[in-house]
Amino acid sequence: MCDTRLKQIDSLVYRQRESGFFTSGNLIPQATLTYVEEGAVHFVTQGTDTLLSSGDIALCPPDQWYMTYADRDCAPTILSITLSLEGQSFAFLSSMPSGATGTLLHLLLDEC
């Protein structure tokens, strides 16, 4: 059992990004969930570049830098959600595998 709970959803942004988009990076106090509905997105954090495809999800813990970008021939559709969490143990967030949508939501809403 963990001591982390979902406090609130701070933002929810759904959009199709331009081909080859590039963000310079983010470091925010909330956890960030990135879901790729269509296309592919590179998700970079902790020195690792992970390619997310349609249906994949990535979660960045609070206060951890990350960036996203797409290849020049790809205009992905992305859902980004920022989440305020309560509790002191966010270690489980950094170990969530890609594609773990159900597991993540179960942890945040039911068991934590």
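Up top is the structure these notes are about.
None of these values were measured; they are calculated from a predicted model.

Colleague: Even after reading the chapter, I still don't get the pairing of strand β2 (residues 31-38), so can you show me in this structure?
Modeller: Each regular strand shows side chains that alternate between the opposite faces of the sheet. As defined by bridge partners, β2 adjoins strand β7 (residues 77-86) across 7 bridges and the pair is classed as antiparallel. Looking at the pairing, Leu 33 lines up with Ile 81 of β7. In this sheet, strand β5 (residues 57-60) lies alongside β2 in antiparallel orientation, the contact comprising 4 bridges. What sits directly across from Tyr 35, in β5, is Ile 57.

Colleague: For this particular structure, what's the right way to read the sheet that holds strand β3 (residues 40-45)?
Modeller: One key point about sheets: their strands pair by backbone hydrogen bonds, in either a parallel or an antiparallel sense. One open sheet accounts for 3 strands, arranged β4-β3-β6; its pairing is antiparallel. Two strands lie at the open edges of the sheet, namely β4 (48-53) and β6 (67-69), each paired on one side alone. Each adjacent strand pair in this sheet contributes to an overall mean axis angle of 25 degrees, direction not counted. Taken together, the 6 bridges between β3 and β4 define a ladder with antiparallel strand orientation. For His 42, the partnering residue across the bridge sits in β4 and is Leu 51.

Colleague: I would appreciate a short explanation of unusual backbone geometry in the present structure.
Modeller: Most peptide bonds take the trans configuration, and most residues that are not glycine carry a negative phi. At Gln 46, a residue that is not glycine, the phi angle is positive and equals roughly 50 degrees. Structurally, Gln 46 is set in the loop between β3 and β4. Under the relative-accessibility criterion, Gln 46 is labelled exposed at 60%. One non-glycine residue with positive phi stands out, namely Asp 63, at about 60 degrees. With respect to the helices and strands, the residue Asp 63 is situated in the loop between β5 and β6.

Colleague: What am I meant to see in the sheet that holds β7 here?
Modeller: Read across the sheet, 4 strands follow the order β1-β7-β2-β5 without closing on themselves; strand pairing throughout is antiparallel. Each end of this open sheet is capped by a strand with a single partner; those strands are β1 (5-16) and β5. With direction set aside, neighbouring strand axes in the sheet form an average angle of 15 degrees.

What counts and how
Residues numbered from 1 in each chain as written. Predicted model: local features only at pLDDT ≥ 70, side-chain atom pairs only at ≥ 80, totals over all residues. Heavy atoms only, no water. Pairing = 2+ DSSP bridges. Helix = DSSP H or I, 4+ residues; strand = E, 2+ residues; numbered from the N terminus. Axes fitted to C-alpha atoms, helices over the stretch in contact; angles between N-to-C directions. Buried < 20%, exposed > 50% of the residue type's maximum accessible area, 1.4 Å probe, protein only.

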